[in-house]
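A look at the structure
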Amino acid sequence: MNKVKIFDTTLRDGEQSPGCSMNLSEKIVMARQLEKLGVDIIEAGFAIASPMDFKSIQAIAQSAPNCVIASLARCNKLDIDTAWEAVKDAKKPRIHVFIATSDVHMKYKLRMNPEQVLQTITEMVSYAKSKCNDIEFSAEDASRSDREFLAKCFSNAIAAGATTINVPDTVGYSTPQEMGELISYLREHVEGINGVDISVHCHNDLGMGVANSLACVKAGATQVECTVNGIGERAGNASLEEIVMALRTRKDFYEADTNINTLEIYKSSRLLSNITGVPISPTKPIVGANAFAHEAGIHQHGMITNAQTYEIMNPDEIGIPHRALVLGKHSGKHALRERLETMGYEIPDEELEDIFTRFKKLADAKKVITSSDLEALTLHRSKIVKTDDENNVPLCQLVSHSITSGSDIPKISYVKIKRDDKVMEGVEAGAGPLDAAFKVVNRLLGIEARLEDFSVRAVTEGEDSIGEAVVKISSSATGEMYTGSGISTDIVEASLQAYLNGVNKMFEAGESR
Ligand code: KIV
Ligand code: ZN
């Protein structure tokens, strides 16, 4: 059985996709989860892109010691120096340098000829190697590059010290057969390829990101680059959970496996969706709500007789919790901790206190508390990690609210909030009760946040289910977007919590007053 390394780029390529940006503490939480998931390499960011990217790579380098921590860098000294500064404190640092190798990219983007690109690869990979032993070299747009030239680029990179060469299908253009053949060609024609990892990085523009990655594994690739839930530029990157489960389920065909602890897959997927506010499609393989649901009577009958009739994977393997009744109004903190532990959540005491308070409140509103209720409470715990900067920012909390709404009457909201022990309250009228409530928050805090997007959906089952509200707000001062989420059995309360969560992120980003 061959081992395939999983290079997770959720925090770099994934975070580049619209609506998926994360703040520092969210990236740290996600990186810790990726480490638990067992990914081999975390690409933590693109250090030169912004001071925030640089800072988060540094913080992740200290937070996830069991993984290789990589930063992306273009082929120039400033990028490489900055990437090295960001990862150098990691136990296992990697610099990931890239340059485009296709004719169209070299001519119109780089304005360089092939000879100049070859020379730059040699110079810049050697420069990166003088700082860091673990060097990955990527040929951007490799799948649309001339094969002979591509093989020369990789040969030069290896001669200059690259320990991994990456073959991206940058624009998601290739087919599985072509990608597989390209890997076979490179294995034959790249000098010094033995002992060097061959990586693939497939985008999903034609919906073939996962199939292309798997075809490369079949042809001998030893590393796959992917993201949780398949987030990424445009149509996204190849999805981690699909690749891992395809390799696991079809071991007989691929003869390859990964180091991933599949029990952590579901939790990683939910955590990312919760952080970014980007929902998972119900039909998404492996982690979608319907991935293991059997509606048709004939299927249900088969499932009862023998699950293998219609199920090729066991949902337990992925860590999907059983939706059984688990706790009630009289359950204590001990029972709560135990239940969370069986669901795979190890919660420090101070955070358990917060979950317990909200659990009691929820148990008053609902008769039975299921695993999905507990999951929602856990994912929405008030603050999972606080960075030093954030510790100094007073956060706003909802104290109480009430609304008046109906047809042909004014829509009025009253909101009371607390910031830094200061309690403030106000009333506003608006186009609807939420518009009015958000206006109160803006006025009390003296901010001009604009609501850009809003959604509410049930995240647990039953009439008394928990509603999760997700808001995207923009700051009129900077134009920056912030995502906030909140949960409650009362959707107005969930929406206000989501709005305040977004506002708090705006303050944490330095937009405080
Ligand atoms: O898609 C791509 O080509 C990339 C490279 C920078 C690896 O993300
Ligand atoms: Zn990419």
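Everything numeric in this text was worked out from a predicted model, so none of it was measured. (Residues numbered from 1 in each chain as written. Chains lettered and ligands numbered in written order. Predicted model: local features only at pLDDT ≥ 70, side-chain atom pairs only at ≥ 80, totals over all residues. Heavy atoms only, no water.)

What about the packing of aromatic side chains?
Taken as a whole and judged by the stated rule, the model has 5 aromatic pairs. Centre to centre, the rings of F137 and F154 are 5.9 Å apart; their planes meet at 75 degrees, and the pair counts as edge-to-face. Of the two residues, F137 sits in strand β6 (residues 135-140) while F154 sits in helix α7 (residues 147-159), which places them 17 residues apart along the sequence. Each member of the pair, F137 as well as F154, carries the same accessibility label: buried. Look at F356 and F359: their rings are 6.1 Å apart centre to centre, the planes differ by 25 degrees, and that puts the pair in the stacked class. With a gap of 3 residues between them, F356 and F359 both fall in helix α15 (residues 349-365), about one helical turn apart. For F356, a relative accessible area of 15% puts it in the buried group. (Phe/Tyr/Trp six-rings, centres within 6.5 Å; stacked < 30°, edge-to-face > 60°. Helix = DSSP H or I, 4+ residues; strand = E, 2+ residues; numbered from the N terminus. Buried < 20%, exposed > 50% of the residue type's maximum accessible area, 1.4 Å probe, protein only.)

Observations regarding the pairing of strand β2 (residues 5-8)
Where β2 and strand β9 (residues 223-226) come together, 4 bridges link them in parallel fashion. Bridge pairing in β9 links I6 to V224. Pairing of β2 with strand β3 (residues 41-45), which is carried by 2 bridges, proceeds in the parallel orientation. Paired with F7 across the strands is I41, a residue of β3. (Pairing = 2+ DSSP bridges.)

Comments concerning the coordination of the zinc ion (ligand 2)
The protein atoms donating to the zinc ion (ligand 2) are D13 (OD), H201 (NE2) and H203 (NE2), with metal-donor distances spanning 2.0 to 2.1 Å. Expressed as a motif, the donor residue spacing for the zinc ion (ligand 2) is D-x187-H-x1-H. With D13 in helix α1 (residues 10-14) and H203 in the loop between β8 (197-202) and α9 (209-218), this residue pair connects regions lying 190 residues apart in the sequence. Grouping residues by exposure puts D13 and H203 together as buried. (Donors = N, O, S within 2.8 Å, 3.2 Å for Na, K, Ca; no water.)

Looking at the pattern of salt bridges
Per the stated rule, a full pass over the model turns up 29 salt bridges. Salt-bridge contacts for R250 lead to D252; the nearest nitrogen and oxygen are separated by 3.2 Å. Judged by relative accessible area, which is 41%, R250 ranks as partly exposed. Ionic contacts of the salt-bridge type, sharing partners, join the residues R12, D13 and E43 into one network. (Salt bridge = Lys/Arg side-chain N within 4 Å of Asp/Glu carboxyl O.)

Describing helix α18 (residues 433-445)
Because each turn of an α-helix spans 3.6 residues, side chains separated by three or four positions end up pointing in the same direction. When the terminal C-alpha atoms of α18 are compared, their 19 Å separation across 13 residues agrees well with the 18 Å that a helix rising 1.5 Å per residue should span. For α18, the buried fraction is high: 10 of the 13 residues fall into the buried class. Of the residues making up α18, those classed as buried are P433, L434, A436, A437, F438, V440, V441, N442, L444 and L445. The secondary structure elements touched by the buried residues of α18 are β13 (396-404), β14 (411-419), β15 (422-430), β16 (449-458) and α19 (491-511). (Expected span 1.5 Å × (residues − 1). Contact = heavy atoms within 4.5 Å.)

Regarding the nonpolar core
Core analysis: the biggest nonpolar cluster contains 119 residues, and I42, I69, I95, V97, F137, V167 and L374 have the highest contact counts within it. Setting aside anything within four residues of it in sequence, one finds F137 in contact with V97, I99, I121, V125, C153, F154, A157, A162, T164, I165 and N166. Counting 27 residues, the second largest nonpolar core, distinct from the first, contains V415, V441, L445 and A449. (Core = buried A, V, L, I, M, F, W, Y, C linked by side-chain atoms within 4.5 Å.)

Things to note about the state of the cysteines
Under the definition given, this model contains 0 disulfides. Left without a disulfide partner, C153 is nearest to the cysteine sulfur of C75, which lies 9.9 Å away. Here C202 is not cross-linked by a disulfide; its sulfur's nearest cysteine counterpart is in C216, at 5.0 Å. (Disulfide = S-S within 2.5 Å.)

Examining the sheet that holds β16
Neighbouring strands of a sheet are bound in pairs by backbone hydrogen bonds; such pairs are parallel or else antiparallel. In space, the 3 strands of this open sheet follow the order β16-β17-β18, with antiparallel pairing throughout. Two strands bound the open sheet, and with one partner strand each, they are β16 and β18 (481-488). In this sheet, neighbouring strand axes are inclined to one another by 20 degrees on average, regardless of whether the strands run parallel or antiparallel. Of the pairings in the sheet, the one linking strand β17 (residues 467-475) to β18 comprises 8 bridges and is antiparallel in character. Following the sheet pairing, A469 is matched in β18 by G486. The strands touched by α19 within the sheet are β16, β17 and β18, with β18 carrying the most contacts at an inclination of about 145 degrees. (Axes fitted to C-alpha atoms, helices over the stretch in contact; angles between N-to-C directions.)

Observations concerning the site of ligand 1
Near ligand 1 you find R12, D13, H96, F98, S138, E140, N166, P168, T170, H201 and H203, and these make up its full shell. In this structure, H201 approaches ligand 1 through a side-chain N or O atom, which is 3.1 Å from an oxygen atom. Between H203 and ligand 1, the recorded distance is 3.0 Å, taken from a side-chain N or O atom to an oxygen atom. Taking 260 Å² as the accessible area of ligand 1 by itself, protein coverage stands at 94%. Those elements giving two or more residues to the shell around ligand 1 turn out to be α1, β5 (92-100), β6 and β7 (164-169). Among the residues making up the shell around ligand 1, the classes are represented as 2 nonpolar, 6 polar and 3 charged. (Near = heavy atom within 4 Å. Polar contact = N/O pair within 3.5 Å; in protein donor to acceptor, adjacent residues only side chain to side chain. Areas by Shrake-Rupley, 256 points an atom, 1.4 Å probe, with all protein chains shown as cover. Nonpolar A, V, L, I, M, F, W, Y, C, P; charged D, E, K, R; others polar.)

Structural notes on the side chain of E225
Its place among the elements puts E225 in strand β9. Notably, E225 is buried but unbridged: the nearest opposite-charge side chain belongs to R12, and the N-O separation is 5.4 Å. Here N166 takes part through its side chain, which lies 3.3 Å from a polar atom of the side chain of E225. Leave out the neighbours within four places in its chain, and E225 touches F7, H96, E136, N166, S199, V200, H201 and A238. (Lys, Arg positive; Asp, Glu negative; His and termini not counted.)

With respect to helix α12 (residues 265-276)
Its 12 residues place the ends of α12 17 Å apart at the C-alpha level, agreeing with the 16 Å of an ideal helix rising 1.5 Å per residue. Across the 12 residues that make up α12, a large majority, 12, are buried. Within α12, burial applies to I265, Y266, K267, S268, S269, R270, L271, L272, S273, N274, I275 and T276. At the exit of α12 stands G277, carrying a positive phi of roughly 75 degrees.

Keep in mind that these numbers describe shape and distance, not what the molecule does.
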